[in-house]
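Now for the letters of each chain:
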Amino acid sequence: MNWRGNLLRFCDVAGLPILEPFVRLAAGEDKREQCIGIAKFILLPIGAVCVFLMLWAGAASTVVTDSAKLPSPQATWSAGKQLIAMHYDQRAADKAAKQEKLIEAVQLVAEANAYTAAATNASGDTQTLLEDKSMALKKRALAAANFTPSSAPTFIDQIWTSVKTVFFGFFLATIVAVPVGVLCGMSPWFNAAMTPFIQIFKPVSPLAWLPLAFIVIMWYYAGYASGETFFNKAFLISASTVCLCSLWPTLVNTTLGVASVDKDFINVADVLRLSWWQRLTKIILPASLPLMFAGMRISLGVGWMVLIAADMLAQNPGLGKFVWDEFQNGSELTYARIAFSVIVIGMIGLVLDRIMIFFRNLVSFGNPSPV
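## A closer look at the pattern of salt bridges
Reasoning step 1: One pass over the full model with this rule turns up 11 salt bridges.
Reasoning step 2: Linking Asp-157 and Arg-91 is a salt bridge whose minimum nitrogen-to-oxygen distance equals 2.5 Å. Placement of Asp-157 in helix 6 (residues 155-186) and of Arg-91 in helix 4 (residues 73-120) is noted, with a sequence separation of 66 residues between them.
Reasoning step 3: When the shortest N-O distance is used, the salt bridge between Asp-270 and Arg-279 registers 2.7 Å.
Reasoning step 4: According to the relative accessible area criterion, Asp-270 is partly exposed, its value standing at 41%.
Reasoning step 5: Through salt bridges with shared partners, a single ionic network connects Arg-4, Glu-20, Arg-24 and Glu-29.

This is the structure:
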């Protein structure tokens, strides 16, 4: 069946073996074998999660101090629902405020038109006065029409800020690491020159990189007032830190992928007398893509882990800042909210990892790697 093969191929490429028993069951294959697969991929993890939740609930009733206690699963879930409800309440309030400003803008325009009409029937100083009033009202109407609520970012907003930051840092790391890695893989001399930098800077903590990223960004933004630049300073500092910490896995894997291209492919390129560019684009890059994407997968995971610490220190309004602010807040719900954010951070990390597995398997030429 064509649909069966396509769905199984999708499960392989997307790294979703959990769906494979259902596809085979729908195709009429051995029911017992597929039920075993479902029990392995569905029931067993659910059971493990239930055991974890029971242990967590037991720990929550035990770990209690004078000023705080470990949040229970129920308290964490309630805190999560409250954070999401706060987001929608804030959005509704912002929408109402914007609607109110639009109504005000319409009224101001109508009033300005009335002054303009009166000015056409007046003369001298009166006409000038009426025109000035009309112009002032139109400016106020324009400001009201372009009103943007300045409410504090909600939990959902901070999630999106973190996702944008990590993808921007990952993009910067990729456009640096891939070309350098290709050159390292193609030229032993260039590789020898770069090896000291890779070996020294690869294990450096984000906490050490961040002050250096901070001083570079502050130097670059010197002379610009707030709002005059395209990127926020804190956003760029966090993204730069993510870039500096996440480029190494991609660089190393790209170097390995290029250096380990099958010699037969290189011989074919020699026989066909391909130019340097043709050799690179038709032989080396396609053959090294699986390892390159494997490195990018690791880089994205590293970037996501680094981002939380970078957000905390750079005060970028992302999930790291949310965790830090809650910790400083010290309210009754502080630890429940932090626990919920930890789960969200893990879930987003899982989704990012699945995305990179999908792309890695997509370029594995019919031989997807195991998860």
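## A closer look at the side chain of Thr-241
Reasoning step 1: By the secondary structure assignment, Thr-241 is in helix 9 (residues 233-259).
Reasoning step 2: Setting aside residues up to four positions removed in sequence, Thr-241 forms contacts with Pro-206, Trp-209, Leu-210, Ala-213, Val-306 and Ala-310.

## Considerations on unusual backbone geometry
Peptide bonds are mostly trans, and most non-glycine residues show a negative phi.
Reasoning step 1: At Arg-273, a position not held by glycine, the phi torsion is positive, near 55°.
Reasoning step 2: With respect to the helices and strands, Arg-273 occurs in the loop between helix 10 (263-271) and helix 11 (276-314).

## Digging into the environment of Gly-346
Reasoning step 1: Within the secondary structure layout, Gly-346 lies in helix 13 (residues 334-362).
Reasoning step 2: Separated by 41 residues in sequence, Gly-346 and Met-305 have C-alpha atoms that sit 9.5 Å apart.

## Re the nonpolar core
Reasoning step 1: Core analysis: the biggest nonpolar cluster contains 37 residues, and Phe-155, Ile-159, Trp-304, Leu-319 and Ile-348 have the highest contact counts within it.
Reasoning step 2: Within the residue set of this core, elements represented by two or more residues are helix 6, helix 9, helix 11, helix 12 (319-329) and helix 13.
Reasoning step 3: Here the element with the most residues in this core is helix 11; it accounts for 11 residues.
Reasoning step 4: Not counting chain neighbours up to four residues away, the residues in contact with Trp-304 comprise Ser-162, Val-163, Val-166, Leu-319, Ile-345, Ile-348, Gly-349 and Leu-352.
Reasoning step 5: Counting nine residues, the second largest nonpolar core, distinct from the first, contains Ala-173, Cys-243, Leu-247 and Trp-248.

## Points about the environment of Leu-8
Reasoning step 1: Position of Leu-8 among the secondary structure elements: in helix 1 (residues 2-14).
Reasoning step 2: Considering only alpha carbons, one finds Leu-8 and Glu-20, 12 residues apart in sequence, at a separation of 6.2 Å.
Reasoning step 3: Ignoring anything within four residues of it in the chain, the contact list for Leu-8 reads Glu-20, Val-23 and Arg-24.

What counts as what
Residues numbered from 1 in each chain as written. Predicted model: local features only at pLDDT ≥ 70, side-chain atom pairs only at ≥ 80, totals over all residues. Heavy atoms only, no water. Salt bridge = Lys/Arg side-chain N within 4 Å of Asp/Glu carboxyl O. Helix = DSSP H or I, 4+ residues; strand = E, 2+ residues; numbered from the N terminus. Buried < 20%, exposed > 50% of the residue type's maximum accessible area, 1.4 Å probe, protein only. Contact = heavy atoms within 4.5 Å. Core = buried A, V, L, I, M, F, W, Y, C linked by side-chain atoms within 4.5 Å.

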